[in-house]
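What follows is each chain in one-letter form.
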Protein chains: 2
Amino acid sequence: MTSPAPLAVVLVSGGLDSMVSAARAREDGFRVLALSIDYNQRHQVELAAARRIATMLGAERHIVLPLDLSAFGGSALTADIDVPKDGIGTEDGGGIPVTYVPARNTIFLSLALGWGEAMGARDLYIGVNALDYSGYPDCRPEFIAEFEKLAELATKAGVEGHPFKIHAPLQDMTKADIVREAARLGLDAGVSWSCYDPAPGSVHCGQCDSCRLRSKGFEDAGLPDPTVYAA
Amino acid sequence: MTSPAPLAVVLVSGGLDSMVSAARAREDGFRVLALSIDYNQRHQVELAAARRIATMLGAERHIVLPLDLSAFGGSALTADIDVPKDGIGTEDGGGIPVTYVPARNTIFLSLALGWGEAMGARDLYIGVNALDYSGYPDCRPEFIAEFEKLAELATKAGVEGHPFKIHAPLQDMTKADIVREAARLGLDAGVSWSCYDPAPGSVHCGQCDSCRLRSKGFEDAGLPDPTVYAA
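Conventions adopted
Residues numbered from 1 in each chain as written. Chains lettered and ligands numbered in written order. Predicted model: local features only at pLDDT ≥ 70, side-chain atom pairs only at ≥ 80, totals over all residues. Heavy atoms only, no water. Pairing = 2+ DSSP bridges. Helix = DSSP H or I, 4+ residues; strand = E, 2+ residues; numbered from the N terminus. Axes fitted to C-alpha atoms, helices over the stretch in contact; angles between N-to-C directions. Contact = heavy atoms within 4.5 Å. Buried area = accessible area lost by both parts, 1.4 Å probe. Salt bridge = Lys/Arg side-chain N within 4 Å of Asp/Glu carboxyl O. Polar contact = N/O pair within 3.5 Å; in protein donor to acceptor, adjacent residues only side chain to side chain. Nonpolar A, V, L, I, M, F, W, Y, C, P; charged D, E, K, R; others polar. Least-squares fit on C-alpha atoms with pLDDT ≥ 70 in both. Parallel < 35°, antiparallel > 145°, perpendicular 65-115°, else oblique. Buried < 20%, exposed > 50% of the residue type's maximum accessible area, 1.4 Å probe, protein only. Right-handed = clockwise from strand over helix to strand, strands pointing away. UniProt positions renumbered as here; feature names shortened; annotations may be inferred. pLDDT = per-residue confidence, 0-100.

With that settled, the discussion passes to the sheet that holds strand β3 (residues 61-66) of chain B. Within a beta sheet, neighbouring strands are joined by backbone hydrogen bonds and run either parallel or antiparallel to one another. Residues and elements named next belong to chain B. Within the open sheet, the five strands sit side by side as β3-β2-β1-β4-β5. Their pairing is parallel. Of all strands in the sheet, those with a lone pairing partner are β3 and β5 (165-167), marking the two edges. Neighbour-to-neighbour, the strand axes of this sheet turn through a mean angle of 25°, independent of strand direction. Pairing analysis gives three bridges linking strand β1 (residues 7-11) to strand β4 (residues 123-125), with the strands arranged parallel. Considered in β4, the bridge of A8 is made with D123.

Here is the structure:
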């Protein structure tokens, strides 16, 4: 009799990156516990994509956890600030994009840690990548490494000698690399959702940062883009 | 013209410890942003206490954020596990109590960090203390220090050279010390709520860990206990 495969909590936003991250967790031999956060994001349609991804990858369980970060304000993704449509938008024309959600990945990884500990999982997956961490502080490799240290101190499991591993398998990938990786893993990229500011009919707007990066990723990878863009 | 006092986000559970922690933030010269988490705890009555405390201390704002951690399971405080009534309960008679909520303080501090960053606050307060950290890993001083490091890496504010300070003013206090500190600060301890498993009529049960510690704290401090206990 073989013991069942170990569990991993995978943060699944519904985007292409998290879809590939989840597929990597499965490839690494884990049973997937998919965790999505309904943080009252403008782009609620991405949660529908998260559900499709969890089903497609045969996730053991999928929790969509409501957590209304718009109560805090401070981001174009949750507050009434326009999502930029003319290139990566920052407050001052450089630095960190206005679509940055304060402490988002710290919050999301903490929640993954809580569920992971409760379920006896010791592995957490997050789909941050090289492109993200050029703009968002909580996507950088040093942040991920530091969170792993914190997780060991923070938990009963860590204290008892079963520390957590934070996997960021896309860490050094560009969007084109991720598009190629999706193809290698046999994933239908059309199932995922990237747009920050969906056009009517739940179509990718084609103009926000996220749509631009997605579209350019397929172009750079030289692979067909299954996405329908409004413009 | 003087500039307004700086803001601090204070985690206010509604318990005695968080009440004293919040009063210390005020004494330290901060305007208080009170944050309470409605995590579907058995003891919802503590949220009413949190509201009274925020009002009593003249908090600038108070957010009660719903976050249903019972979806994760794994704790007597959120799941269908009996709250121990015969002394500090642990799974194996030693170590970490069953009332431990996996990664709770990591999750709560992350949320405080997110709100703090959005509001331009650089100071976060949490009421952990010596008694807590003998049992809960995420109450230990080394955990608090590590979270402060993470906060610097995790945020736009940290990256831009405005790191966060995590205040744990009760860190080295016993419950008796905290009771005395409440008296020194002129606080009505009767406003706070400690019981994990309230008796009918929203009365402290008098038997759970938290009631025992509260009651003993007043006894050890030699101060009158305003709490009404069922037993």
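On we go.
On to the interface of chain A and chain B, then. Taken together, the contacts link 41 residues of chain A with 41 residues of chain B. Surface buried jointly by chain A and chain B totals about 3,500 Å² across both partners, of which 71% is contributed by carbon and sulfur atoms. Looking at the side of chain A facing chain B, the largest losses of area belong to F72(A), L153(A) and K156(A), adding up to 21% of the total buried there. For the interface between chain A and chain B, the tally reads zero salt bridges. Summed over the shared surface of chain A and chain B, the result is four residue pairs in polar contact (both at pLDDT 80 or more). Of all the elements in the fold, those that place two or more residues in the side of chain A that touches chain B are β3 (61-66), α3 (104-119), α5 (141-154) and α6 (156-159) of chain A. Of all the elements, α3(A) adds the most residues to the side of chain A that touches chain B, at nine residues. Broken down by class, the residue content of the side of chain A that touches chain B amounts to 24 nonpolar, six polar and eleven charged.

The next subject is the sheet that holds β3(A). Residue and element names in this part refer to chain A. The five strands are arranged β3-β2-β1-β4-β5 in an open sheet whose pairing can be described as parallel. Two strands in the sheet have a free side with no partner beyond their single neighbour: β3 and β5 (165-167). The mean inter-strand angle of the sheet, taken between neighbouring strand axes irrespective of direction, is 25°. Pairing of strand β4 (residues 123-125) with β5 involves three bridges; the strand directions are parallel. Along β5, the bridge assignment pairs L124 with I166. The strands touched by helix α1 (residues 16-27) within the sheet are β1 (7-11), β2 (31-38) and β4, with β1 carrying the most contacts at an inclination of about 175°.

Take the relation of the copies chain A and chain B next. In the superposition of chain A on chain B (RMSD 0.0 Å, axial shift 0.0 Å), the rotation amounts to 180°. Given the turn and translation reported, the copies of this chain are related as if by a two-fold rotation axis. A shared binding surface is used by both copies, with 100% of the interface residues of chain A retained as interface residues in chain B.

Below, the discussion takes up the packing of helix α6 (residues 175-184) of chain B against helix α7 (residues 209-221) of chain B. All names here are of chain B. Closest axis-to-axis distance for the α6/α7 pair is 7 Å, and the angle between their directions is 70°. As far as their axial angle goes, α7 and α6 are roughly perpendicular. On α7, the residues touching K175, A176, V179 and R180 of α6 are L213, R214, G217, F218, D220 and A221. In terms of residue class, the contact of α6 with α7 is built from five nonpolar, one polar and four charged.

Let us now look at the pairing of strand β2 (residues 31-38) of chain B. Residue and element names in this part refer to chain B. Among the eight residues in β2, six count as buried, and that is most of the element. Summarising the sheet, β1 and β2 pair through five bridges and their orientation is parallel. Residue pairing across strands places A8 opposite V32, the latter belonging to β2. For the crossover from β1 across helix α1 (residues 16-27) to β2, the handedness is right-handed. When β2 meets β3, the two strands line up parallel, connected through six bridges.

All names here are of chain A. Mapped onto this numbering, the UniProt entry gives "binding site: Zn(2+)" (unreviewed entry) at C195, C205, C208 and C211. Across 17 residues of sequence, these annotated residues stay compact in space, with a maximum C-alpha separation of 6.9 Å. With respect to the helices and strands, C205 occurs in the loop between α7 (175-184) and α8 (209-221). By relative accessible area, which is 4% here, C205 ends up buried. Secondary-structure assignment places C211 in helix α8. The exposure class of C211 is buried, given its relative accessible area of 1%.

Residues and elements named next belong to chain A. Mean pLDDT for chain A: 87, with 86% of residues reaching 70 or above. Low pLDDT, under 50, characterises residues 87-94; the stretch is placed with 16 contacts to residues that sit more than four places away or in other chains. Among the prediction metrics, the complex's ipTM stands at 0.89, with pTM recorded as 0.90.

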